[in-house]
Structure formats: structure tokens, C-alpha cells
Amino acid sequence: MEVLHATLPELESPALAARLRAPEPLMVMPCIDAALGQRAAVHAAARAGVPGLLLVLHDQARLGFVSVLNAVFRASASPWVGYMAQDAFAGRQWLALALRALESRQAGLLGFNDGKWQGQLASFGLARRRWIESLYGGDFFYSGYRRHYADAELTLIAREQGRYVYQPDSVLIEVDWGKDGAAVDAQDRALFARRRASGFEGRVLKPELLNLMG
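Within each chain, residue numbers correspond to sequence positions counted from 1 in written order. Totals for whole chains, interfaces and linings use all residues, but because this is a predicted model, local features are given only for residues with pLDDT of at least 70 and pairs of side-chain atoms are given and counted only at 80 or more. To obtain the side-chain values, all non-hydrogen atoms of the structure were used and water was disregarded.

The term salt bridge refers to a pairing of a side-chain nitrogen on Lys or Arg with a carboxyl oxygen on Asp or Glu at a separation within 4 Å. Inspection of the entire model under this criterion finds eight salt bridges. Two residues, E24 and R19, come together in a salt bridge whose shortest N-O distance is 2.7 Å. A relative accessible area of 17% means that E24 is categorised as buried. Take R19: its relative accessible area is 22%, and that puts it in the partly exposed class. In this structure, R203 engages E201 in a salt bridge whose closest nitrogen and oxygen atoms are separated by 3.4 Å. Remark: exposure states derive from per-residue accessible area (1.4 Å probe, protein chains only) relative to the maximum for the residue type, with buried under 20%, exposed over 50%, and partly exposed in between.

Below, the structure is given as C-alpha cells:
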């Protein structure tokens, strides 16, 4: 797997635009700490188990995880697009195992083993483009979120539709020593609550799913 570093303006460069249109797995790592992102990306690429592209996108303007991922998704054409963070630690064959699980189950979204959610939430995930394109008019995540809860909404929709798969052997562990004590974005939390009240525009109806995440 190849690692490339870029900024949002560089998505329009001819060379990168051409590469993003290639039919290979694409993982996107929004990044605000270049050294941390480089370390995680090199390690993950060496352990992917299949060819592909890991794009480390430096969010210099601090637009947020969701905006960065949506911009890359719109600029790319890969049939498989995933997301991870600069604090991810990859297990061996993580991408090969994920692709195999997606294909064998014909799933729309796969959740990696992040060491936290036990498969209930795809905090790091890999999605089938055809399925994602049916949800948000060309975006990967619902664009109203900035940093949090977009992955929760996407996971609930996939689970409602029976298009979610969890592969515990496909490991992308979140290594964030201060995560459990960190606050979530209050505006993202409020938006999630409003959208959950409508079943995310009628896409999620099962009470056990709607009550799963606060």
C-alpha cells in the first residue's frame, strides 16, 4: 500500500486527481499532527496486505474530519473508501481482511476492531462507494457534523439496512491516551440528537438502534 501526503487544495492537482480516480482501495487519514500521521500511515501501509492508497490529508485550516473526508470522497472514484485517524495502530492484514469481509457479506460498511466499541460502531470504517452514494447526495458523511457522531449515524443506517459487517480480526486500534476524558463536540452531539429524533430522515426505525448511542 502506498502512502501519499496532501492538503485539500492539492486535491485539484492533475497528478493527485488522476491517482484518486484509480480503482484501488482508498483509506483517508485526516491529520493535524504531521509526525503522528506519518508514523501511523507508514505502519498501516506496511501491514495492509493488499495494494491501495493511504492518503494522509493535512487539515491545515482545521475544517474538521467530516469536511476533509467528504472532499476526498467527492474527488475520488475508488469502489472502496475508508477512514482512519492519525492515532490508529494497524494490525497485520487489516485491509485485506476488511475487503474480504465486505465482499463475502456484500456489506455497505465495515467496522474495524478499534479496541473500544466491540463492533457496535465503525469509528474507523471501510465502505462500498455504491452504497455510500445512495445516502447523502455525494458526500461520505452527513455534512452537518464536524468531528463527532457522523460515524455513529452512518453505522446505525448500515445496521438498519442489514449492510453492516464487523471483522474483529481486522484491527485499527485507536491509540489516544486522553480519549476517555476528552469532551465531544457539543454542536455535533446536539445535531445527532435532532437527527435521531427523525430516525435520520426516516432511515433508522428500530428502537434498539435509535437508543443505542447517546
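Right, picking up where we left off after that structure.
Remark: nonpolar core denotes a set of buried residues (Ala, Val, Leu, Ile, Met, Phe, Trp, Tyr, Cys) joined through side-chain atoms within 4.5 Å. Formed by 43 residues in total, the largest nonpolar core has its most connected members in L55, L109, F140 and L154. Note on definitions: a residue-residue contact is assigned when non-hydrogen atoms from the two residues lie within 4.5 Å. In contact with L154, other than residues within four places in its own chain, are L109, W131, I132, L135, Y136, F140 and F141. Membership of the second largest hydrophobic core comes to 26 residues, among which are A85, A90, A107 and V165.

Further remarks concern unusual backbone geometry. At R62, a position not held by glycine, the phi torsion is positive, near 55°. Among the structural elements, R62 can be located in the loop between β3 (53-58) and α3 (65-75). The way it works is that DSSP assigns letters per residue, a run of H or I at least four long becomes a helix, a run of E at least two long becomes a strand, and they are numbered from the N terminus.

Each pair of aromatic rings taken from Phe, Tyr and Trp, with Trp reduced to its six-membered ring, is defined by centres within 6.5 Å and is described as stacked if the planes are under 30 degrees apart, edge-to-face if over 60, and tilted in the remaining cases. All chains considered together, the criterion is met by ten aromatic pairs. Pairing Y83 with F141 gives two aromatic rings, centres 5.0 Å apart and planes at 70°, and the pair type is edge-to-face. Taken together, the residues span a long stretch of sequence, with Y83 in strand β4 (residues 80-83) and F141 in the loop between α5 (129-132) and α6 (150-160) at a distance of 58 residues. One exposure class covers both Y83 and F141, and it is buried. Through a chain of ring-to-ring contacts, the aromatic side chains of F65, F73, Y83, F140 and F141 assemble into a single cluster. Working rule: Lys NZ or Arg CZ, within 6 Å of ring centre, within 35 degrees of ring normal, means a charge sits over the ring. Between R129 and the ring centre of F73, over which it is positioned, the NZ or CZ distance is 4.2 Å. Sitting above the plane of the Y142 ring, R195 keeps its charged end 3.5 Å from the centroid.

By themselves, these are just geometric observations and shouldn't be taken as functional.
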